[in-house]
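Residue-level listing of the chains:
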Amino acid sequence: MNLYHLYGFIFLFLSLNVFGQSQEAKIYNAVDRFTVNPSAEALQNLKSIEIDFWKSAKPKTKEELLAIVILNCNKAYYENQFGQNLDAIKSYEKAWMVYQKNKLKNYDIIEFCLKPLGNLYTVLGDYENAENTIKQYYFIASQQKNKSQKTAAILNLSNVYQNTGNVYKAIDLIEKTIQTEKLSNKEKALLLNNLGTNYVLSSKKSEAQTSFLKAVALLKNDISQTETLANAYRNLAQLKVNENDFKKASEYFEKAKTEFNKTPNREPRKIGQFYFEAAFIAFSEGKLAEAQENITLIFKTLLPSFSNSKNRLPNQNSLYAETVLLDALDLQALIFLAENQPKNALKSFGLSFKIEETIQSLLVYENSKIITQVRNRNRTEKCIEIYLSLFEKERKMTYLESAFLLSEQTKSIVLKNHLKNLETISREEKLILQQLQNWNATILKEQQKLELADISKINEAVKKQNELMLLLKTKQSKTDSKKNPSFDLSGLFTKLEKDNAILIEYFFGAHCIYNFTLENKKIALHKIETDDKDLLSFIGLFKDPSIIANNPKKYNLLGNKIYQKLQIPKVEKHKNLIIVPDGILSFLPFEALVSETSNTSNFTKMHYLLDKFDIAYNNSAELYLNANTLSSGKRNILGLFPVFGKTNYELPFSKNELQSIKHNFDGQFFENENATFSNFKNNVIGKSIIHLSTHASSGDFEIPASIKFYDQEILFSELYNLQLNPDLVVLSACETGIGKLYKGEGAMSIARGFQFAGAQNLLFSLWNVNDYTTSVFMDYFYKDLKHNSSFVHATANAKRKFLKDENIPNAKKSPYYWSAFVYYGTLEKPETQTNYIFYIISFLAVIGLFLGFNQYRNGKSSRNSQKREL
């Protein structure tokens with residue numbers, strides 16, 4: 001046989017064995033070859049095989065689809081190992097979507113897909129997806145009676161609760177599991193480790209140490225559990241660092257390192273975590289060189305391109321979404337600060353911001369986006385402090401501008417991005433988001449039933465939510481992400497000048513408050529050293545009307561003390577004041593601050609900030625700058641007044657409010673049983689003002705804020721799906737601006753629900769409001785509005801007229817009654833058709849007068865000339 005025939009025979013043999021293979025066999029063979037020798041090249045080969053599979057027009061069998069699921073799970077595992085965690089998430093998500101969509105079986109989808117996927121979500125801060133995924137595999141494991149996987153779900157769910165601030169929920173979950181379930185030593189040790197961490201976070205250090213030591217005792221002689229034992233020692237080391245017992249911390253950490261080094265197949269990420277903890281302990285002891293050495297090792301472990309770098313900071317292009325890198329860069333910045341290198345510290349923090357931005361872009365759920373902003377705020381506070389110290393040394397205004405822009409980037413970032421996305425995303429994406437919100441509302445409402453909650457209904461809703469989330473991600477990946485334009489600071493200065501306004505933006509830090517005052521095209525930055533005590537005391541005065549009424553002197557003194565502390569300009573050079581609050585300042589009525597103390601108990605004669613300025617609030621300077629123009633034309637009001645007659649919820653003065661509005665404006669009004677949510681939704685489009693006179697609740701840590709219509713109670717998040725663009729929303733109800741508070745993002749309130757729906761200008765309340773005084777305030781407000789006042793001026797004037805009203809007794813003139821409602825939005829004065837007609841008539845009248853006068857002059861001149869001729 002010649003060589004040509006030999007090659008032909010070999011080709012025929014290979015064709016029969018390779019090209020004759022089924023799709024299923026091809027996929028499994030490719031996976032087998034990949035797992036034997038995983039590499040970037042082999043990973044690309046797997047991707048190519050999957051692309052070819054989906055390109056084929058042939059119908060897919062369940063066996064072939066299961067092979068694709070297994071391919072993606074293997075691909076995801078190694079992508080995670082290679083530091084490609086975003087790709088890993090996509091591969092796991094794809095595997096899960098194919099598995100559940102086609103109702104596949106005969107594969108441990110929990111162990112090889114859902115558990116690692118839930119863990120990746122948790123690591124990146126995508127907590128809502130993590131919780132949903134974990135609850136799904138807990139439900140599956142329960143059906144399959146798989147005890148070990150149920151325990152793993154409980155452990156991982158407690159991690160999510162811990163990271164989202166629900167520490168006591170995590171403790172309760174773990175303690176119940178330890179008490180009621182029959183657990184192996186490994187399972188019990190894992191739970192005790194987690195329990196100890198939650199005890200630390202709840203300041204129960206003694207209980208934490210006991211938990212960690214119990215975990216050590218359970219695993220000390222088990223050579224198969226070196227990683228879990230190492231984690232227990234690491235936790236003990238961290239506990240001792242918090243107690244400044246560095247000697248003991250080092251001892252525990254060395255034990256952790258010994259056990260960790262025995263662990264087979266150590267992942268780069270876990271190695272990086274160990275280096276970080278070593279760096280943190282060294283930094284805490286003041287050993288900067290040792291800390292730097294460990295930080296460098298993190299970069300070399302997680303960033304292959306860093307190996308030959310002579311720089312202390314990695315290249316921005318080499319970074320990816322990894323929280324260990326994030327922590328390392330933040331610690332690197334602190335090392336630079338300790339070495340008196342503030343500008344390098346800012347560069348390091350800048351790289352952290354870039355990673356955080358990447359992580360944020362992956363998140364779907366609002367709650368996850370808000371919680372991950374906490375890291376950004378801590379970083380931002382340190383940067384503001386650096387910029388302030390640089391300004392004090394070099395007196396360059398650019399430092400203050402940079403500090404302000406960083407502060408602005410933390411302001412209602414989730415709300416702002418949502419509003420921008422609504423302008424760009426497809427109709428299909430909007431529908432998916434609406435369905436996600438609907439299922440979320442179903443879950444929340446069912447959970448509020450506590451013991452009576454239907455667990456199967458919750459599980460079904462979680463499943464539907466998860467399916468929609470995966471679908472949304474596939475749609476989003478096809479949409480090109482647009483970079484947000486840079487903030488126009490000069491445009492902001494120009495608008496403030498046009499509006500005759502000062503803007504004060506607050507940043508509420510961990511230990512102090514920063515006040516950015518923008519006035520006359522300049523920024524001033526004030527650092528306010530304060531605790532929350534005085535602020536909380538002042539806000540606490542508004543819990544009950546009798547508190548201020550019974551002690552006006554205390555109010556006078558405390559109101560002035562807060563006024564002085566918050567560094568508000570004392571000279572009224574401008575008519576308007578814009579406040580961008582932060583933290584608990586979101587619940588403070590600035591109008592009611594006392595600018596000058598007095599001995600009077602007459603509330604009308606007290607010196608309020610209201611006397612100096614018309615005050616508008618906003619969530620951020622960017623929202624103020626880019627506000628939509630108000631509509632022109634006749635104002636058209638939609639009003640809902642459930643009244644709730646002959647019930648415990650009756651609002652008799654709501655009828656007065658209705659008559660007052662009707663007297664001043666035309667509109668569509670729904671009363672009593674007609675004030676339903678469906679009537680609201682069906683008639684809201686095209687209205688310039690929306691007025692709701694009803695009951696509302698701020699909720700609490702677990703229960704969301706809600707508002708009552710005649711037929712049902714609506715959660716604030718259910719309002720998100722409404723697509724609104726009114727000139728103004730008036731929420732004439734209790735606590736419509738109150739809810740679970742997040743620094744930077746604000747309160748999760750009814751007002752936020754309307755903002756998410758598109759409303760830019762709102763009037764809402766900060767505490768329980770009185771039915772009668774609210775109707776009086778609203779009467780003054782709408783009368784002023786009728787005369788074409790701006791919303792901010794109408795709000796301020798209504799408060800001033802309320803104070804001057806001789807029919808209202810002094811006790812009812814307490815700031816409790818008139819300062820409850822705050823206005824968020826534009827300072828713009830609306831133009832109406834009536835004004836245009838008036839201007840046209842006036843203009844024509846002037847022309848008429850001018851022509852008449854000319855005619856008169858001409859006539860008079862003729863007569864004079866005639867006389868002269870004579």
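Preceding this section is the structure that the text describes.
Definitions and limits used
- Residues numbered from 1 in each chain as written.
- Predicted model: local features only at pLDDT ≥ 70, side-chain atom pairs only at ≥ 80, totals over all residues.
- Heavy atoms only, no water.
- Helix = DSSP H or I, 4+ residues; strand = E, 2+ residues; numbered from the N terminus.
- Buried < 20%, exposed > 50% of the residue type's maximum accessible area, 1.4 Å probe, protein only.
- Areas by Shrake-Rupley, 256 points an atom, 1.4 Å probe, with all protein chains shown as cover.
- Lys, Arg positive; Asp, Glu negative; His and termini not counted.
- Charge placed at Lys NZ, Arg CZ, Asp CG, Glu CD.
- Phe/Tyr/Trp six-rings, centres within 6.5 Å; stacked < 30°, edge-to-face > 60°.
- Lys NZ or Arg CZ within 6 Å of the ring centre and 35° of its normal.
- Core = buried A, V, L, I, M, F, W, Y, C linked by side-chain atoms within 4.5 Å.
- Contact = heavy atoms within 4.5 Å.
- Pairing = 2+ DSSP bridges.
- Right-handed = clockwise from strand over helix to strand, strands pointing away.
- Expected span 1.5 Å × (residues − 1).
- 1 Å grid on protein atoms, 1.4 Å probe; cavity = no way out; pocket = protein on both sides within 12 Å on 5 of 7 lines; lining within 4 Å.
- Points joined across faces, edges and corners; volume = space filled by probe spheres on them.
- Salt bridge = Lys/Arg side-chain N within 4 Å of Asp/Glu carboxyl O.

Draft legend 1. Main features of the overall build of the protein chain. Each helix and strand in the protein chain was counted, giving 34 helices and 18 strands. In terms of principal-axis extent, the alpha carbons of the protein chain reach across some 140 × 70 × 70 Å. Classification of the 870 residues of the protein chain by burial places 52% in the buried group. Surface summary for the protein chain: the accessible area is close to 41,500 Å², and the carbon and sulfur share equals 51%. Each charge sign in the protein chain was given a centre, from 108 positive and 92 negative side chains, and these centres are 2 Å apart.

Draft legend 2. Summary view of the packing of aromatic side chains. Tallied over the entire structure, the rule returns 40 aromatic pairs. Pairing Phe641 with Phe669 gives two aromatic rings, centres 6.5 Å apart and planes at 45 degrees, and the pair type is tilted. Highlighted residues: Phe641 in strand E8 (residues 637-641) and Phe669 in strand E9 (residues 667-671), separated in sequence by 28 residues. Among the residues examined, Phe641 registers a relative accessible area of 1% and is labelled buried. Ring centres 6.2 Å apart and planes at 25 degrees place the aromatic pair Phe677 and Phe680 in the stacked group. Linking Phe677 with Phe680, this pair stays in helix H29 (residues 677-683), spanning three residues, or about one helical turn. Of the two residues, Phe677 and Phe680, both sit in the buried class. These aromatic residues form a ring-pair network of at least three members: Phe538, Phe542, Tyr555, Trp767, Tyr816 and Tyr817. Sitting above the plane of the Phe53 ring, Lys60 keeps its charged end 5.1 Å from the centroid. Its end group placed over the ring of Tyr649, Lys708 keeps NZ or CZ at 4.8 Å from the ring centre.

Draft legend 3. Broad picture of the nonpolar core. Residues Phe590, Phe680 and Phe754 are the most contacted members of the largest nonpolar core, which totals 231 residues. When near neighbours in sequence (up to four residues on either side) are disregarded, Phe590 contacts Tyr506, Leu566, Ile568, Ile579, Leu585, Leu609, Ile615 and Tyr617. By size, the runner-up hydrophobic cluster in this structure holds 33 residues, among which are Val167, Leu183, Leu192 and Leu239.

Draft legend 4. Seen up close, unusual backbone geometry. Of note, the phi angle at Asn106 is positive, near 65 degrees, even though the residue is not glycine. Residue placement: Asn106 occurs in the loop between helix H5 (85-101) and helix H6 (109-124). Phi at Ser203 is positive, roughly 65 degrees, even though this residue is not glycine. Following the sequence through the fold, Ser203 ends up in the loop between helix H10 (185-201) and helix H11 (205-219).

Draft legend 5. Expanded view of the pairing of E9. Examined bridge by bridge, E8 and E9 share five bridges and lie parallel to one another. What sits directly across from Ile637, in E9, is Gly667. Taking the sense of rotation as the criterion, the β-α-β connection linking E8, helix H28 (residues 654-664) and E9 turns out right-handed.

Draft legend 6. Expanded view of the pairing of strand E2 (residues 512-519). In terms of burial, E2 is a largely internal element, eight of the eight residues being buried. Taking every second residue as pointing to the same face, both faces of E2 are buried, with Cys512, Tyr514, Phe516 and Leu518 on one and Ile513, Asn515, Thr517 and Glu519 on the other. In this structure, strand E1 (residues 501-508) lies alongside E2, joined through six bridges in antiparallel fashion. From the neighbouring strand, Phe507 faces E2, where its bridge partner is Tyr514. Hairpin connection, E1 to E2: the antiparallel pair is bridged by three residues. Pairing analysis gives eight bridges linking E2 to strand E3 (residues 522-529), with the strands arranged antiparallel. Residue pairing for E3: Glu519 is matched across the bridge by Lys522.

Draft legend 7. Layout of helix H19 (residues 397-408). For H19, spanning 12 residues, the distance from its first C-alpha to its last is 17 Å, which sits close to the expected 16 Å at 1.5 Å a residue. Of all the positions in H19, only Tyr399, Leu400, Ala403, Phe404, Leu406, Ser407 and Glu408 are classed as buried.

Draft legend 8. Expanded view of empty space enclosed by the protein. Tallied over the full model, the rule gives four cavities of 30 Å³ or more. By volume, the largest cavity is sized at about 230 Å³. Ser586, Asn619, Gly746, Ala747 and Tyr824 are the residues nearest the centre of the largest cavity, which is lined by 22 residues in total. Taken together, the elements giving at least two residues each to the lining of the largest cavity come down to strand E16 (746-748) and helix H30 (750-757). Ranked by the residues each element gives to the lining of the largest cavity, the list is headed by H30, at three residues. Here the second largest cavity is characterised by a volume of approximately 130 Å³. Taken together, 14 residues form the lining of the second largest cavity, with Asn618, Leu623, Gln755, Ala759 and Gln760 sitting closest to its centre.

Draft legend 9. Region of the structure containing the environment of Phe756. Here Phe756 is to be found in helix H30. Here Phe756 falls in the buried class, since its relative accessible area comes to 4%. The spacing of Phe756 and Gly509 is 247 residues in sequence and 26 Å in space, taken between C-alpha atoms. Apart from the residues lying within four places of it in its own chain, the contact partners of Phe756 are Glu366, Val414, Leu415, His418, Leu419, Leu422 and Tyr720.

Draft legend 10. Fine view of the pattern of salt bridges. Counted by the stated rule, this structure contains 47 salt bridges. Ionic pairing is found between Glu622 and Lys420, a salt bridge with its closest N-O pair at 3.0 Å. Here Glu622 is found in helix H27 (residues 621-625), whereas its partner Lys420 is found in helix H20 (residues 413-424), with 202 residues between them in sequence. The exposure class assigned to Lys420 is partly exposed, which follows from its relative accessible area of 25%. The closest approach of N and O atoms between Asp779 and Lys783, which form a salt bridge, is 3.2 Å. Of this pair, Asp779 and Lys783 are both found in helix H31 (residues 771-786), four residues apart, which corresponds to roughly one turn of the helix. Using a relative accessible area of 21% as the deciding quantity, one classes Asp779 as partly exposed. Overlapping salt bridges bring together Glu50, Lys75, Glu79 and Lys94 as one network.

Draft legend 11. Quick look at the sheet that holds strand E12 (residues 706-708). Pairing in this open sheet of three strands is antiparallel, and the strands run E11-E12-E13 from one edge to the other. Here the strands that pair on one side only, and so sit at the sheet edges, are strand E11 (696-697) and strand E13 (713-715). When E12 meets E13, the two strands line up antiparallel, connected through three bridges. Directly across from Lys708, in E13, lies its bridge partner Glu713.

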